[in-house]
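Coordinates in review
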Amino acid sequence: MIVLFYLASAVALVAAAMAISRRNAFHALLYVVVSLLAVAVVFFTIGAPFAGALEIIVYAGAIIVLFVFVVMMLNLGPNSVRIEDGFLTPAMWIGPGILALILLAELVVIISGIGGGVTGAAIGPREVGLALFGPYVVAVEVASFLLLAGLVGAAYLGSGARVSGGDR
Amino acid sequence: MTAAVLLGHGLVIASALFVIGLVGVLVRRNLLFQLLSIEIMLNAAGMAFVIAGARWGQADGQVMFIFILVMAAAEVAVGLALLLRVSRQVRDLDGDAVSAMRG
């Protein structure tokens, strides 16, 4: 299990380093997804399965998809077809694919139980939920305010409404 | 391998991930890449919380991770809306292109 921890950490670091050094936004997004999945595997190996699941669902599933949507919107135009052709080249997916395969192998090892139990005692969703809606319930309310403010701000900025002083 | 050693190594890894994100923010001039780097940095901070929580067997680390997750979601929604706005107004995603404010 210790080996899996270090392997997933190495994948996360390599993928993050590759992500910030790419010139193509899609290459970078693929590497960021792999980095987030690797961090999720790290969470599983240290006994935080709920955080790992949230990492995949919210980070890789929602936030990165938002990035993909924005990149798609920015790429509208005649050169988008050329970029679509670029998706199919091996140079695009071979790096993230290899790193993701390492993570898949780790997952298989974890599921088949070869690596033994998790490091230390696992903290499941029950404990997290009890803490979240026990001592931290005020912070949950504040977080909901933050999400509402983010929603309103994004809706306003994205609506194309004229900002005072804007020249368009 | 004791839990304390694991905590130390985990914090080093989280710090390295944070530094990678910081380098991304400082080096890249493309606003999209800067936002991505900020995501990596937030992720590293959450990772440090979860590892510390696992070290002492408390759920508080994961609770803080959930709050970081909420903050990252709100931040990326507003940030990407601003990004679209900038790309519409200056036809460019260069951070230096929007260094001058008007009005």
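Everything below is about the structure shown above.
Keep in mind it's a predicted model, so treat the numbers as computed, not measured. (Residues numbered from 1 in each chain as written. Chains lettered and ligands numbered in written order. Predicted model: local features only at pLDDT ≥ 70, side-chain atom pairs only at ≥ 80, totals over all residues.)

1. Regarding the overall build of chain A
- When helices and strands are counted, chain A shows 7 helices and 0 strands.
- The secondary structure elements of chain A, listed N-terminal to C-terminal, are α-α-α-α-α-α-α.
- Across chain A, contacts joining residues at least 24 apart in sequence account for 70% of those joining residues at least 6 apart. (Helix = DSSP H or I, 4+ residues; strand = E, 2+ residues; numbered from the N terminus. Contact = placed C-beta atoms within 7 Å.)

2. Considerations on the interface of chain A and chain B
- Across the contact, 56 residues belong to chain A and 51 residues belong to chain B.
- Breaking the side of chain A that touches chain B down by element, the ones donating at least two residues are helix H1 (2-21), helix H2 (25-45), helix H3 (49-74), helix H6 (125-132) and helix H7 (137-158) of chain A.
- With 13 residues, the top contributor of residues to the side of chain A that touches chain B is H3(A).
- Each residue belonging to the side of chain A that touches chain B can be placed in one class, and the counts come to 43 nonpolar, 11 polar and 2 charged. (Nonpolar A, V, L, I, M, F, W, Y, C, P; charged D, E, K, R; others polar.)

3. A word on H6(A)
- The complete set of buried residues in H6(A) reads A:Val128, A:Ala131 and A:Leu132. End-on, the buried residues of H6(A) take up no more than an arc of 100°, which puts them together on one face.
- The elements touched by buried residues of H6(A) are H3 and H7 of chain A together with helix H3 (60-90) of chain B. (Buried ≥ 20, exposed ≤ 12 C-beta atoms within 10 Å, placed from the backbone. Arc of directions from axis to C-beta.)

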